[in-house]
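# Chain and residue survey
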Amino acid sequence: MTILPLIPTSPDTPDAVVTRRRPAMPPRHLADLDLAGRRAAVTDLGEPAFRAKQLSTHYFGRLVRDPAAMTDLPAASRARLAEDLLPTLLTPQREMACDDGATRKTLWRLHDDAMVESVLMGYPDRITACVSSQAGCGMACPFCATGQAGLTRNLSVAEIVDQVVYLAGVAASGAVTGSPPRLSRVVFMGMGEPMANYPRVIQAVRRLVAPAPEGLGLSQRHITVSTVGLVPAMRRLITEELSVTLALSLHAPDDDLRDELVPVNQRWKVAEVLDAAFDYAAQTGRRISIEYALIRDVNDQPWRADLLGRLLHGKLAHVNLIPLNPTPGSKWDASPKPVEREFVRRLREAGVATTVRDTRGREIDGACGQLAASELTVVDAGGATADAEVER
Ligand code: SAH
């Protein structure tokens, strides 16, 4: 890849010159800052420092972002504070629901017209938000819809956090029928590779777990960060003293096949990536989750189940098998159920805890690996409709 020089832009720079500039990050938002940073920001505006806590309580504690509703702030300050610290980062472009309203996908437009998606999944005992860490993804896994379009840009800390805060508001409104109104879990399994946007993802996690009003007060154990296996970033994660759950998208137990399914394996091999994951488990005491999309006649052979079983036997790990969600134009399909059952049986026989993931959101292209915002916009322009779809 060629790194292009950064071209300074000015109002009179011809368009042709600026087309290749670095993607513009969004305006600063209070979720980009810790409480001390927010205090500094409000005093810079000539407001007393305690306004930082008031604003934070609205945003993180009450999930309120409309300045008009912030009646404890002087009317004269509200607009200025909101403009400076609560700029609109995500505009919901389209919202779709399926599974009787228990799964909802939101397509967001960002300030620079980049698009990302998040998915909210309601269960009888919990609500989980699946969020994006990048617009697009640069990892190029051939079975993943997001991977096909390439990377647009990293999301900012606040763009990540704001997806969760917004979805927590949807949950609190009672919109997810049959589930408690509190969003309690977050998985970084939307668009993007979290470990490729490392500092921002870590900051976002810190904001999500900080007690209100500094953050959203979620439990670290209820946050899952999923990675293709960027070993240096995984090793750095071990030093953060966080106890989030680490998911490793393995998909093959042997380098030959993993080199193809997860191209970054050409750089960091199965043994190395598993070592880093096991070290994370040892450091945190948290069981790692090995993600394995079962692809018919590609990675679902009994010998691969046995090999995976040997690699994981006795380790603090469990396997989460994902029936492949076929993506448009892909030559691959999910494994037949009997093959899947045999794969599970062999892993369990090897003493490895194994579950098969449910396939939420398939009809709205909101299931694992189906997120591809650019394609969705094309469909949108064509005016396609789905039964349970909510247009905004
Ligand atoms: N880049 C991170 C985060 C994306 S998470 C990662 O790869 O872990 C999305 C999860 O869904 C990953 O485990 C990914 O491998 C898996 N996935 C991608 N495409 C899929 C598909 N078509 N069917 C089933 N799972 C898929």
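This text follows the structure it describes.
The paragraphs below set out a description of the structure included in this document. (Residues numbered from 1 in each chain as written. Predicted model: local features only at pLDDT ≥ 70, side-chain atom pairs only at ≥ 80, totals over all residues. Heavy atoms only, no water.)

Let's shift gears to the pattern of salt bridges. Oppositely charged side chains can pair when the atoms bearing their charge come close. Following the criterion strictly, the structure yields 20 salt bridges and no others. The residue Asp-162 makes a salt bridge to Arg-65 at a minimum N-O spacing of 2.8 Å. Taken together, the residues Asp-162 in helix α6 (residues 157-172) and Arg-65 in the loop between α3 (50-61) and α4 (75-85) connect sequence positions 97 residues apart. Under the relative-accessibility criterion, Arg-65 is labelled partly exposed at 32%. For Arg-357, the salt bridge identified is with Glu-291, shortest N-O distance 2.2 Å. Residue Arg-357 is found in the loop between β12 (353-356) and α13 (373-381), and its partner Glu-291 is found in strand β10 (residues 288-294); the two are separated by 66 residues along the sequence. (Salt bridge = Lys/Arg side-chain N within 4 Å of Asp/Glu carboxyl O. Helix = DSSP H or I, 4+ residues; strand = E, 2+ residues; numbered from the N terminus. Buried < 20%, exposed > 50% of the residue type's maximum accessible area, 1.4 Å probe, protein only.)

The next thing to look at is the side chain of His-29. Considering the arrangement of structural elements, one finds His-29 in the loop between α1 (15-18) and α2 (35-44). We classify His-29 as buried; its relative accessible area is 1%. Of the polar contacts made by the side chain of His-29, one reaches the backbone nitrogen of Ala-31; its length is 2.9 Å. Those residues within four positions of His-29 in sequence are excluded, and the remaining contacts are Tyr-59, Leu-85, Leu-86, Pro-87, Leu-89, Ala-158 and Asp-162. (Polar contact = N/O pair within 3.5 Å; in protein donor to acceptor, adjacent residues only side chain to side chain. Contact = heavy atoms within 4.5 Å.)

The next subject is the packing of aromatic side chains. Going through the model one piece at a time under the given rule, you end up with three aromatic pairs. A cation sits over an aromatic face here: Arg-126 above Tyr-123, 4.1 Å from the ring centre. (Phe/Tyr/Trp six-rings, centres within 6.5 Å; stacked < 30°, edge-to-face > 60°. Lys NZ or Arg CZ within 6 Å of the ring centre and 35° of its normal.)

Quick look at the packing of α2 against α3 now. Think of two packed helices as two axes; the pair is described by the angle between the axes and how far apart they sit. The interhelical angle for the contact between α2 and α3, taken along N-to-C directions, is 120 degrees, at an axis separation of 8 Å. In terms of axis orientation, α2 runs oblique to α3. As α2 runs across α3, the sense of the crossing is right-handed. Taken together, the residues of α3 that come into contact with α2 (itself represented by Leu-35, Arg-38, Arg-39 and Val-42) are Arg-51, Ala-52, Ser-56 and Phe-60. Among the residues making up the contact of α2 with α3, the classes are represented as four nonpolar, one polar and three charged. (Axes fitted to C-alpha atoms, helices over the stretch in contact; angles between N-to-C directions. Parallel < 35°, antiparallel > 145°, perpendicular 65-115°, else oblique. Left-handed = near helix turned anticlockwise from the far one by under 90°. Nonpolar A, V, L, I, M, F, W, Y, C, P; charged D, E, K, R; others polar.)

To continue, consider the state of the cysteines. Disulfides are covalent bonds that connect the sulfur atoms of two cysteines. Applying the stated criterion across every chain, the model contains zero disulfides. Of all cysteine sulfurs, the one in Cys-144 lies closest to Cys-141, which takes part in no disulfide; the gap is 6.3 Å. You can call Cys-141 buried: its relative accessible area is 9%. (Disulfide = S-S within 2.5 Å.)

This part covers the pairing of strand β4 (residues 127-130). A two-sided burial pattern is seen for β4, the buried positions comprising Ile-127 and Ala-129 on one face and Thr-128 and Cys-130 on the other. Once strand β3 (residues 115-122) ends, the chain turns through four residues before running back antiparallel as β4. In this structure, β4 lies alongside strand β7 (residues 183-188), joined through four bridges in parallel fashion. From the neighbouring strand, Ala-129 faces β7, where its bridge partner is Val-186. (Pairing = 2+ DSSP bridges.)

Within β3, eight of the eight residues are buried, which leaves the element mostly enclosed by the surrounding structure. Where burial is concerned, the two faces of β3 agree: the one with Met-115, Glu-117, Val-119 and Met-121 and the one with Val-116, Ser-118, Leu-120 and Gly-122 are both buried. Adjacent in sequence and paired antiparallel, strand β2 (residues 103-109) and β3 are bridged by five residues, among which Asp-113 carries a positive phi angle near 70 degrees. In this sheet, β4 lies alongside β3 in antiparallel orientation, the contact comprising four bridges. What sits directly across from Gly-122, in β4, is Ile-127.

Right, let's talk about α3 for a bit. Compared with an ideal rise of 1.5 Å per residue, which puts 12 residues at 16 Å, α3 spans 15 Å between its outermost C-alpha atoms and is within 8% of the ideal. Among the residues making up α3, those that are buried are Arg-51, Ala-52, Gln-54, Leu-55, Ser-56, His-58, Tyr-59 and Phe-60. Tucked inside the fold, the buried residues of α3 contact α2, α4, α6 and α7 (198-209). Just downstream of α3, Leu-63 is the residue with a positive phi angle, here 60 degrees. (Expected span 1.5 Å × (residues − 1).)

A few words on the site of the ligand. The ligand sits among 21 residues. The nearest are Phe-143, Ser-226, Ser-249, His-251 and Asn-325. In this structure, Glu-193 approaches the ligand through a side-chain N or O atom, which is 2.9 Å from a nitrogen atom. Between the ligand and the protein, one listed contact pairs a nitrogen atom with a backbone N or O atom of Asn-325 at 2.8 Å. Notes on the ligand: free accessible area 530 Å², of which the protein chains cover 96%. Counting residues per element, the ones that place at least two in the shell around the ligand are β8 (223-227) and β10. Looking at side-chain class alone, the shell around the ligand contains 10 nonpolar, nine polar and two charged residues. (Near = heavy atom within 4 Å. Areas by Shrake-Rupley, 256 points an atom, 1.4 Å probe, with all protein chains shown as cover.)

Treat this as a map of the structure, not an account of what it does.
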